[in-house]
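So the chains spell out like this:
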Amino acid sequence: MSAAIPFRPVLVRQRPGGPAVDPAPTVEATTHRRVLYQGTDAAAVHAAVASRLGPHRLHVPGGRVKANLRILHEGEISILELAYGARADMYFDGTTTDHLIPIRHRGWGRVVIDDVESALSPCVLSPGRPARLSWEPDTSVVIVRIPGEVLDRAVNRETVGDRQTAPALGPYLDNTDLGVRQWLSLARDFSGMVDATGHLAGSRLAARHFEQALVHGLLSCAPAHGAGPRPETGSSEPHGLRRALAYCAQHAGEPISVGAIAAAAGMSVRTLQEKFRIHLGVTPVGHLRRVRLAGAHADLLSVAEGRSRDTVTDIALRWGFGHLGRFGSMYRETYGQLPSHTLRHGTAGPVVSRAAV
């Protein structure tokens, strides 16, 4: 059974002239101390991230991270840079009141919102919308956090129709839209200008003006909740590829072929394979296997947590794994333990946890 780790503040100790190091019992909420956490404790970085981004569940298959959490700016809105240095998944259940906008990432990172998988940035994680963020060891991301009350005030000032509260922003940011491109450019420039050596690092008044521009600019360019991606928009990936990813997510447990995925995407098999290689660095079969393993892993955790009575065989067959030996080998390679171990004990140690903030 996975252990639930209660949230506790994390103190970042500072070496003279050096970055923050373990151990870390409380987080110092000052703008001059830029490094909030740096170290190898999955539970500690989970608590530090939760204190800034809100409650979530963190899963680290290997159980060990080499994490770095920095705050680039903290005012009415916050900008943070996060890297786990390991394969990791973050699960947001939609209970947060903040809006989280990954504006830039390096490495391979993915986000799944409304059963649609896309690049980790740019997107909008809004209240009431569960999301899963997946990271590889080389992934780092810059995230803008806008509290719900800040967006509410901006809406009231703009008096958008009869609306009195902030709209539920959709997850899609259209990279082909001029307004979106300009907003992203402003957000990325601002994150650099307010960093320790940036031009606005010592000017709170100037930073405040930029904050307002970002909040009101987001309202003007981001689509409302429920608005789907338009053709060739929504991420840096072609719309056809996003159709293929959605098809894989919806039919992962079925015996689908690469030809079926290509047909759903409206392209040839060869083009599909090329798009997967260029944009995702994986084959369609490799991506489908990853989706199936993630689904099986979630079902095994449900058994370990007492929410299901399925067997390993039930779960393997549900997710399209007809050969149990091969399923066990692939699962162990991905998650570091056999399916039977996850079913009985959950993940080892504190790699799956939930913080209450």
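Residues numbered from 1 in each chain as written. Predicted model: local features only at pLDDT ≥ 70, side-chain atom pairs only at ≥ 80, totals over all residues. Heavy atoms only, no water.

## Some details on the sheet that holds strand 12 (residues 140–147)
Spatially, five strands are ordered 3-5-6-12-8 in an open sheet, and the strand pairing comes out antiparallel. Single-partner strands in this sheet number two, and they are strand 3 (35–39) and strand 8 (98–106). With strand direction ignored, the average angle separating the axes of adjacent strands in the sheet is 15 degrees. As paired elements, strand 8 and strand 12 share eight bridges and run antiparallel to each other. If you follow I101 over to strand 12, its bridge partner there is V144. Against the sheet, helix 3 (residues 178–193) contacts strand 5 (67–74), strand 6 (78–83), strand 8 and strand 12, and its axis sits at roughly 80 degrees relative to strand 8. (Pairing = 2+ DSSP bridges. Helix = DSSP H or I, 4+ residues; strand = E, 2+ residues; numbered from the N terminus. Axes fitted to C-alpha atoms, helices over the stretch in contact; angles between N-to-C directions. Contact = heavy atoms within 4.5 Å.)

## Structural notes on unusual backbone geometry
With an omega dihedral of -5 degrees, the bond running from S121 to P122 counts as a cis peptide bond. Tracing the chain through its elements places P122 in the loop between strand 10 (116–119) and strand 11 (131–135).

## Side note on helix 5 (residues 239–250)
Between the first and last C-alpha of helix 5 there are 16 Å, a value that for twelve residues agrees with the 16 Å anticipated at 1.5 Å per step. Most of helix 5 is tucked away, with nine of its twelve residues classed as buried. Here helix 5 has its buried residues at H239, G240, L241, R242, A244, L245, A246, Y247 and C248. Tucked into the core, helix 5 has its buried residues touching strand 9 (109–113), strand 10, helix 6 (258–265), helix 7 (269–280) and helix 8 (284–304). (Expected span 1.5 Å × (residues − 1). Buried < 20%, exposed > 50% of the residue type's maximum accessible area, 1.4 Å probe, protein only.)

## Considerations on the side chain of S134
Take S134: it is sitting in strand 11. Given the relative accessible area of 10%, S134 is considered buried. A polar contact is formed between the side chain of S134 and the side chain of R132, at a distance of 3.5 Å. Not counting residues within four places of it along the chain, the set of residues in contact with S134 comprises A88, D89, W108, G109 and R110. (Polar contact = N/O pair within 3.5 Å; in protein donor to acceptor, adjacent residues only side chain to side chain.)

## A look at the confidence of the model for the protein chain
Residue-level pLDDT values for the protein chain average 76, and 76% of them are 70 or greater. When mean pLDDT is compared element by element in the protein chain, strand 6 scores highest at 94, while strand 1 (residues 13–14) scores lowest at 35. Here residues 1–33 is modelled with pLDDT under 50, and outside its nearest four sequence neighbours on either side it reaches 81 contacts, counting other chains as well. Confidence drops under a pLDDT of 50 for residues 159–166, and excluding neighbours within four residues, the segment shows nine contacts in the predicted structure. (pLDDT = per-residue confidence, 0-100.)

## A short note on the environment of Q250
Along the chain, Q250 turns up in helix 5. Overall, the relative accessible area of 53% leaves Q250 in the exposed class. Sequence separation between Q250 and V116 is 134 residues, and the spatial gap between their C-alpha atoms is 9.1 Å.

## A short note on the pattern of salt bridges
Counted according to the given criterion, the structure contains twelve salt bridges. Between E81 and R106 there is a salt bridge; the shortest N-O distance is 3.3 Å. Placement of the pair is E81 in strand 6 and R106 in strand 8, with a sequence separation of 25 residues. The class of E81 is buried, set by a relative accessible area of 16%. Salt-bridge contacts for R318 lead to D310; the nearest nitrogen and oxygen are separated by 2.5 Å. By relative accessible area, which is 22% here, D310 ends up partly exposed. If you follow the salt bridges from partner to partner, you end up with E76, R153, R208 and E211 in one network. (Salt bridge = Lys/Arg side-chain N within 4 Å of Asp/Glu carboxyl O.)

## As for the packing of aromatic side chains
Per the stated rule, a full pass over the model turns up five aromatic pairs. Seen in terms of ring centroids, Y84 and W135 are 5.1 Å apart; in terms of plane orientation they differ by 85 degrees. Their pairing is edge-to-face. Pair noted here: Y84 is in the loop between strand 6 and strand 7 (88–92) and W135 is in strand 11, with a separation of 51 residues, a long-range link. Each of the two residues, Y84 as well as W135, counts as buried. Between Y331 and Y335, the aromatic rings sit 4.8 Å apart at their centres with planes inclined by 35 degrees, giving tilted as the arrangement. Note that Y331 and Y335 are positioned in helix 10 (residues 324–335) at a spacing of four residues, about one turn of the helix. Assigned by exposure class, Y331 and Y335 land together as buried. Grouping aromatic residues by their ring pairs yields a cluster made of F321, F327, Y331 and Y335. Directly above the aromatic system of Y91 lies the positively charged group of R57, at a separation of 4.5 Å from the ring centroid. The positively charged end of R290 is found above the aromatic ring belonging to W108, 4.6 Å away from the centroid. (Phe/Tyr/Trp six-rings, centres within 6.5 Å; stacked < 30°, edge-to-face > 60°. Lys NZ or Arg CZ within 6 Å of the ring centre and 35° of its normal.)

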